[in-house]
Amino acid sequence: MSDATTDVGTISLPFATGEAAAGPLTWAQSVMWGPMQWFGKEANQFNIGEALVLPAPVAPARLHAALRTLIEAHQTLRTRYVDRADQPQQQVAAAGAYDIVVVDDHGDPARVGAELVATLTAAAFDHEAEWPLRVGCVRDRAGRISAVALVGSHLAFDGWAFNTLTALLRGRLTDAPSPQETPTAGSGAQPLAQAAFQQSTAGRQQSRLGLRHWEQGLSAAPASMFDLPRAATGDQPIERHLLDSTAVTAAATALATRTRTSFSTVLLCLTTLVLTAYNGHRTGVFKLIAGNRLDRDSRDLIALNTLDALLVHRVDEDADLLTAIRQLHRPAFDAYRRAPCDPAGVRTVVEQVGRRRGVAFDLSAYFNNGHRGSDWATADPDPGPDRLAVLRRDSRYSRLEPLSKSDMRFYVAASNLGDGRCRLGLLVDTAYLPGGLGETIIRGIETLLCQAVTGAVRVAEIADRIGLIPAHRGPDWVSTPAGWVRPQTVAELVGEVAGAAAFAEPSAGGVTAYVSGSCSPEELHRRVLDALPGRPGLVAPTEYVICGSVPPTGAGADAWRAGPVLARGTGRDA
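Residues numbered from 1 in each chain as written. Predicted model: local features only at pLDDT ≥ 70, side-chain atom pairs only at ≥ 80, totals over all residues. Heavy atoms only, no water.

Observations regarding the overall build of the protein
Line of reasoning, step 1. Scanning the protein for helices and strands turns up 17 helices and 21 strands.
Line of reasoning, step 2. For a compact globule of 574 residues, the expected C-alpha radius of gyration is about 25 Å, and the protein comes in at 27 Å, within 12% of that figure.
Line of reasoning, step 3. For the protein, the spread of C-alpha atoms along the principal axes amounts to about 90 × 60 × 50 Å.
Line of reasoning, step 4. The 574 residues of the protein split such that 52% are buried.
Line of reasoning, step 5. For the protein, long-range pairs separated by at least 24 residues make up 77% of all intrachain contacts whose partners lie at least 6 apart in sequence.
Line of reasoning, step 6. Surface accessibility of the protein: about 24,400 Å² in total, with carbon and sulfur atoms responsible for 50%.
Line of reasoning, step 7. Here the protein contributes 55 positively and 60 negatively charged side chains, and the mean placements of these two sets differ by 3 Å. (Helix = DSSP H or I, 4+ residues; strand = E, 2+ residues; numbered from the N terminus. Rg over C-alpha atoms; globule rule 2.2 N^0.38 Å. Buried < 20%, exposed > 50% of the residue type's maximum accessible area, 1.4 Å probe, protein only. Contact = heavy atoms within 4.5 Å. Areas by Shrake-Rupley, 256 points an atom, 1.4 Å probe, with all protein chains shown as cover. Lys, Arg positive; Asp, Glu negative; His and termini not counted. Charge placed at Lys NZ, Arg CZ, Asp CG, Glu CD.)

Right, here's the structure in full:
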């Protein structure tokens, strides 16, 4: 913490309400629980923070009363998340206390408030030991509160919930209109009530519909969007890029109007087309961050409510961009509609479909429209080329500090900065998208949006239009229904799990593997499936040929085909 935000102390803010309660995590909390554990100390990158600068300072008692009311009304603010026998729970306290950091504003509450947010954001949350919201306040020379720093854990808040909480607090401190009435303790707009519904008969039926969508989509999906040759990386291979652009807002809004779709569909379409243009796929598979809040209870819920939705979409390379946007709209709608389902069931479906198809799915391409609502205010609803050129001159590109790891290999997010500005964020794993590809992609999305407003853009032209050089695969790579593979790499995997010499070659619908030894195709297939996770660009052979002898070194494919055969088969269950 800088000298300007030297901690001058903390105050304890007690609260007391109702009875303590506990229950399972909601589906949304369960989705986030795993990444939080995997990232450990680096989970601080998920923290959500904001400095609320007040138009007029208020007495500390007013802040304390406002905070206490919100804490007592919303379970999330008095919840701890604990792991008991590998069964995480949310435990809601009836009473407790918040420790609130207090610093002097030095006559600059905006700057000091932002510095305090950065300080409170620096560490990952210990969810069993601390509340999921950190609070600090900035005071002026008279001891009044001039700014409030709020930092929330992503296990407890999504953007909607955090923004709503901030607006509620702002309203109580400034007499501004609040976005909603505070729910009562027994309201359905509480995490424990949501979890109870999800365990109910109606909730299980909703989940079954969602799981059916996942099963159908994965049956036709490539195993990975990153079946690519890997590039060498340093110890921080995850790049993060930002582009703040009014041109994106104006162009995407115009395209959404022309296609009768939505801003989100337009950006999702461009994201899908750019990645498939690079990786050479005809089918894109994305996880969409879905924050469905379709009823009053979910809109009032101050809690994490985002789930993973599955989009599997075949790209029509002969289409123009406007047609491609229209083609994507319904699949995207269906994906979002079927997002609510039990994440444990999703994991089961992913594994079962993968084993049936002989793959380990790598679902690490993400898209997130983080804007609250469907309206993107723009002063240019139908801009021409000259106006778009002017808007683009004001675009601002920047890069954040890289990361050492991420459970995403590719992630595009859009958020509304206000004043007609859209912030595009892009995360790329440089092991699969190396060099300057990140900047090329994020600027390329803006370029394509603007070009599509002023003229026809065909899907097949996308790479050339933005200077994107598609990934290079050598002639030893082959395309299969599960994605791109190198038969030689498949042979190496089969030989590894069999402990014997192996050879593989392309065949109808996949790869045939020849291996010496006495292992049955069924046992060998099980071993291969167990070894696939974490290896994009590898699939199980569609047929195993167990050979009675190993051809002489350098004998080639014909010698494997002509050798004695002990057994052959797919290895799959009948």
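Past the structure itself, the notes keep going.
Observations concerning the sheet that holds strand β18 (residues 502–507)
Within a beta sheet, neighbouring strands are joined by backbone hydrogen bonds and run either parallel or antiparallel to one another.
Line of reasoning, step 1. Strand order in this open sheet of 4 strands is β18-β19-β20-β21, and the pairing throughout is mixed. The two strands at the open ends of the sheet, each matched to only one other strand, are β18 and β21 (565–569). Going from strand to strand, the sheet's axes swing by 15 degrees on average, the running direction of each strand aside.
Line of reasoning, step 2. Where strand β19 (residues 510–516) meets strand β20 (residues 543–547), 5 bridges bridge the pair, whose relative direction is parallel. Across the sheet, Thr512 pairs through a bridge with Glu543, a residue of β20. (Pairing = 2+ DSSP bridges. Axes fitted to C-alpha atoms, helices over the stretch in contact; angles between N-to-C directions.)

Focus on the sheet that holds strand β4 (residues 79–84)
Line of reasoning, step 1. Taken in spatial order, the 3 strands of this open sheet run β2-β5-β4, and their pairing is antiparallel. Each edge of the open sheet carries a strand with a single partner, namely β2 (21–24) and β4. With strand direction ignored, the average angle separating the axes of adjacent strands in the sheet is 30 degrees.
Line of reasoning, step 2. Both β4 and strand β5 (residues 87–92) contribute to a ladder of 6 bridges, which runs antiparallel. Bridge pairing in β5 links Thr79 to Val92.
Line of reasoning, step 3. Contacts between helix α1 (residues 27–39) and the sheet are confined to β4 and β5, with β4 contributing the most and set at about 65 degrees to the helix.

As for the nonpolar core
Line of reasoning, step 1. Counting residues in each nonpolar core, the largest one holds 151 residues, and the members touching the most others are Tyr98, Phe157, Leu169, Leu218, Phe410, Leu433 and Leu449.
Line of reasoning, step 2. By residue number, the principal contributor to this core is helix α8 (residues 263–279), which donates 10 residues.
Line of reasoning, step 3. If near-sequence neighbours (up to four positions away) are discounted, Leu218 is found in contact with Leu310, Val349, Val350, Val353, Arg357, Phe361 and Leu363.
Line of reasoning, step 4. Ranked by size, the runner-up nonpolar core spans 11 residues in total, among them Val112, Val117, Val138 and Ala147. (Core = buried A, V, L, I, M, F, W, Y, C linked by side-chain atoms within 4.5 Å.)

A few points about the packing of aromatic side chains
Line of reasoning, step 1. The final tally for this structure, using the stated rule, is 10 aromatic pairs.
Line of reasoning, step 2. With 5.1 Å between their ring centres and 85 degrees between their planes, Phe39 and Phe46 make a pair best called edge-to-face. Each of the two residues, Phe39 as well as Phe46, counts as buried.
Line of reasoning, step 3. Ring plane angle 80 degrees and centroid distance 5.9 Å describe the contact between Phe157 and Phe162, whose orientation is recorded as edge-to-face.
Line of reasoning, step 4. Note on Phe157: relative accessible area 0%, which makes it buried.
Line of reasoning, step 5. Residue class for Phe162 comes out buried when judged on its relative accessible area of 1%.
Line of reasoning, step 6. Aromatic rings pair up to connect Phe15, Tyr98 and Trp131 into one cluster.
Line of reasoning, step 7. Here Arg134 stacks its cationic end above the ring of Phe125, 3.8 Å away from the centre of that ring.
Line of reasoning, step 8. A cation over a ring is seen here: Lys405 above Trp38, with NZ or CZ 4.5 Å from the ring centre. (Phe/Tyr/Trp six-rings, centres within 6.5 Å; stacked < 30°, edge-to-face > 60°. Lys NZ or Arg CZ within 6 Å of the ring centre and 35° of its normal.)

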